[in-house]
Amino acid sequence: VKADGQYGVSIDGKVVHFSGKINDKSAERLFELTDGKQITKMVINSTGGEVGAGMKIGSWLHRNRIDLEVEKRCWSSCANYIFTGARGKTIRPGATVAWHGSLIQKEGIDKRSIRRQVEQTMVDADFETKEKVVNQTMEYLKSARKRQKLFFERVGVDERICTIGTDEYGAEEFYILSVTDMEKFGLKDIIAPENYHETDLSEINKLIPFVYIELKN
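**What about the layout of surface pockets?**
Then, in step 1: Looking at the second largest pocket, its volume works out to about 220 Å³.
Then, in step 2: Contributing to the lining of the second largest pocket are 14 residues, with His62, Ala86, Arg87, Lys89 and Val155 lying nearest its centre.

Below, the structure written as C-alpha cells:
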C-alpha cells in the first residue's frame, strides 16, 4: 500500500514489506496493517527518518521477535533502531546497513550548535523567540536521549554503535561495520555475505560520504 510517495507498506503472508521514510505516518500504517496478523519477518529498504518512529518500529520488532531482511538500504534511524531491534538480521548481497550518529553524538546537538542552527533558520525572529526554540529543542533532546537509552537497554545493544564511526574514527557521514564488529556491540544472529565489509561503496559515494570502519579492538 503506497501513501504520498514517501513510503510503502504491504503484507505477503507472514512477511511485511516496508520501504521509504520512517515517520509517524509510516509507523502507524505498519501497525494498522499488521494488527492481529502473525508476522515473522520484515523486509526493509529505507534511508532513515524520525528517531521516535524508528524506536517505535524497533520496539515492535523486538517485542514480537520478528526477523529483519535488508533488501537494499537500512541507514540512519533504520540502522539505529530497526536493525538493532529485530531478532534475526539478514543483509542481502549488495545491501548496506549504515550509521551516522544518534542522540548521544559529540558534534552538532549541544546547546551552542542548536543556537547556531536557530540563528541561521530564524533570521528575522527576536531574541526571546529564538531562545524559546533553543530551550524547547534542548528539552526534547534530553527526553529523547532517555528514551533512546531505555530502548538500547531493552534490546541489549550498546548504543555507541550509532556514533563510534563519526565520533572516534573520523567518518564524515555514513559508515558500515563488519559483522564481527557489529557483534561487539551486542548484535546477534546476523546473516550477511562473507565479504560484506568489502561491499562496493563507490556508487553511494557519488551521492554522500560512505566508508567502512574497522574497529581497532
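**Let's talk about the pairing of strand β4 (residues 41-46)**
Then, in step 1: Where strand β3 (residues 15-20) and β4 come together, five bridges link them in parallel fashion. Pairing of Ser19 across the sheet is with Asn45, part of β4.
Then, in step 2: Where the polypeptide runs from β3 across helix α1 (residues 24-34) and back to β4, its parallel neighbour, the crossover connection is right-handed.
Then, in step 3: Relative to strand β5 (residues 67-75), β4 is paired through five bridges, and the arrangement is parallel. Each bridged residue has a counterpart across the sheet, and for Lys41 the counterpart in β5 is Asp67.

**So, the side chain of Thr199**
Then, in step 1: Within the fold, Thr199 resides in the loop between β9 (190-191) and α8 (202-205).
Then, in step 2: Judged by relative accessible area, Thr199 falls into the buried class, the value being 16%.
Then, in step 3: A polar contact of 2.5 Å, which involves the side chain of Thr199, links it to the backbone oxygen of Tyr196.
Then, in step 4: Excluding residues that lie within four positions of it along the chain, Thr199 makes contacts with Gly94, Ala95 and Thr96.

**Brief notes about the packing of aromatic side chains**
Then, in step 1: Inspection of every chain in the model, using the stated rule, returns nine aromatic pairs.
Then, in step 2: Ring geometry for Trp75 versus Phe210: centroids 4.9 Å apart, planes at 55°, classification tilted. Of this pair, Trp75 sits in strand β5 while Phe210 is found in strand β10 (residues 210-212), placing the two residues 135 residues apart along the sequence.
Then, in step 3: Overall, the relative accessible area of 2% leaves Phe210 in the buried class.
Then, in step 4: Pairwise contacts between aromatic rings join Trp75, Phe174 and Phe210 into one cluster.

**Comments concerning the pattern of salt bridges**
Then, in step 1: Under the criterion given, the structure shown has eleven salt bridges.
Then, in step 2: Across the pair Glu71 and Arg92 runs a salt bridge, and its minimum N-O distance is 3.9 Å. On the criterion of sequence distance, the pair formed by Glu71 in strand β5 and Arg92 in the loop between β6 (89-91) and β7 (96-98) is long-range, its members being 21 residues apart.
Then, in step 3: For Glu71, a relative accessible area of 39% puts it in the partly exposed group.
Then, in step 4: Owing to a relative accessible area of 29%, Arg92 belongs among the partly exposed residues under this scheme.
Then, in step 5: Between Arg160 and Asp158 there is a salt bridge; the shortest N-O distance is 3.1 Å.
Then, in step 6: Among the residues examined, Arg160 registers a relative accessible area of 40% and is labelled partly exposed.
Then, in step 7: One connected set of salt bridges, linked through shared partners, spans Lys41, Glu69, Glu71 and Arg92.

Cut-offs and rules
- Residues numbered from 1 in each chain as written.
- Predicted model: local features only at pLDDT ≥ 70, side-chain atom pairs only at ≥ 80, totals over all residues.
- Heavy atoms only, no water.
- 1 Å grid on protein atoms, 1.4 Å probe; cavity = no way out; pocket = protein on both sides within 12 Å on 5 of 7 lines; lining within 4 Å.
- Points joined across faces, edges and corners; volume = space filled by probe spheres on them.
- Pairing = 2+ DSSP bridges.
- Helix = DSSP H or I, 4+ residues; strand = E, 2+ residues; numbered from the N terminus.
- Right-handed = clockwise from strand over helix to strand, strands pointing away.
- Buried < 20%, exposed > 50% of the residue type's maximum accessible area, 1.4 Å probe, protein only.
- Polar contact = N/O pair within 3.5 Å; in protein donor to acceptor, adjacent residues only side chain to side chain.
- Contact = heavy atoms within 4.5 Å.
- Phe/Tyr/Trp six-rings, centres within 6.5 Å; stacked < 30°, edge-to-face > 60°.
- Salt bridge = Lys/Arg side-chain N within 4 Å of Asp/Glu carboxyl O.

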